[in-house]
Amino acid sequence: MTVREHASGGFTGEVATAIPELLVVVATPEDAAALAPLGRPAPGQDVEGPAHPVLVATGPDPLEVDAALDDLAAPAGRLLLLDGPSGTWAEEAARMVVRLDALLTEEPPAGVLVRGGTEAALAATRSALRLGVPVLHLAVDEEPAERAATQAAVAGLAAWQTSPSGGVPYPTEIDLLVSRLLEPPPTGRHGAADQTVVRMPAGRGPRSTMTA
């Protein structure tokens with residue numbers, strides 16, 4: 001069963017026309033710069049696909065993230081405001097968990113895309129796992145020590161989800177969609193005209209090893 005069939009209850013007729021959402025968690029201006037292409041498909045990009053990417057501005061300063069996305073011509077589809085200023089890191093993380101969990105629970109998406117090792121990425125991953133929503137994690141090569149540790153936890157949770165213990169099928173269709181939007185195929189003589197060639201991220205393991 002495809003992502004779209006699953007989201008529409010298994011129906012494939014004319015009634016099932018809505019494309020499910022892929023929630024893209026954008027927690028920092030750096031996330032915004034890396035993930036903006038998902039919010040503004042390139043000219044000529046086929047908008048039809050297994051899921052529709054929706055950028056979610058979140059993190060400790062979601063307004064800054066929202067402004068960064070606007071500057072990149074990739075406006076957020078969701079803005080998650082924290083409930084007032086946070087006095088401590090733990091309070092900030094707890095409020096972020098509440099916001100992201102409520103977003104995913106209200107209308108579970110076809111998938112969740114997270115990047116790096118932010119607290120928002122960890123919170124969204126945990127909520128998605130609880131709901132059985134597929135998670136894709138984009139690794140960041142150079143992260144501060146604290147985020148590197150959190151990134152390892154996010155990657156581990158995402159890998160567990162598609163293991164025999166986790167029991168969730170790997171979201172291949174969504175993975176290919178994200179790869180196509182973030183790494184468009186070359187426009188040269190080779191590859192551009194051959195629609196049977198699919199560019200896969202190098203070094204694929206149980207989970208995607210794309211970097212952004």
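The rules behind the values
Residues numbered from 1 in each chain as written. Predicted model: local features only at pLDDT ≥ 70, side-chain atom pairs only at ≥ 80, totals over all residues. Heavy atoms only, no water. Helix = DSSP H or I, 4+ residues; strand = E, 2+ residues; numbered from the N terminus. Buried < 20%, exposed > 50% of the residue type's maximum accessible area, 1.4 Å probe, protein only. Contact = heavy atoms within 4.5 Å. Axes fitted to C-alpha atoms, helices over the stretch in contact; angles between N-to-C directions. Parallel < 35°, antiparallel > 145°, perpendicular 65-115°, else oblique. Left-handed = near helix turned anticlockwise from the far one by under 90°. Nonpolar A, V, L, I, M, F, W, Y, C, P; charged D, E, K, R; others polar.

Chemist: When you look at the overall build of the protein chain in this model, what are you seeing that I'm missing?
Modeler: Counting its secondary structure elements, the protein chain contains eight helices and five strands. Each helix and strand of the protein chain, placed in order from N terminus to C terminus, yields the pattern α-β-α-β-α-β-α-β-α-β-α-α-α. By the burial criterion, 40% of the 212 residues in the protein chain qualify as buried. Excluding contacts between residues fewer than 6 apart, the proportion of contacts in the protein chain whose partners are at least 24 apart in sequence is 63%.

Chemist: Just to check I follow, could you spell out unusual backbone geometry for this structure?
Modeler: Residues apart from glycine generally show negative phi values, whereas peptide bonds are mostly found in trans. We note that Ala-73 has phi near 60°; this positive angle belongs to a residue other than glycine. Mapping Ala-73 onto the fold places it in the loop between helix H3 (62–71) and strand S3 (78–79). Ala-73 gets classed as exposed once you look at its relative accessible area, which sits at 52%.

Chemist: Explain the packing of helix H5 (residues 119–131) against helix H6 (residues 145–161) to me, please; I cannot follow it from the model alone.
Modeler: Relative placement of two packed helices is described by the angle separating their axes and the distance separating the axes. Contact geometry for H5 and H6: axes closest at 9 Å, N-to-C directions at 20°. Considered as vectors, H5 and H6 are oriented roughly parallel to each other. Along this stretch, H5 crosses H6, giving a crossing that reads as left-handed. Contacts between H5 and H6 pair Glu-119, Ala-121, Leu-122, Thr-125, Arg-126, Ala-128 and Leu-129 from the former with Thr-150, Val-154, Leu-157, Trp-160 and Gln-161 from the latter. In terms of residue class, the contact of H5 with H6 is built from seven nonpolar, three polar and two charged.

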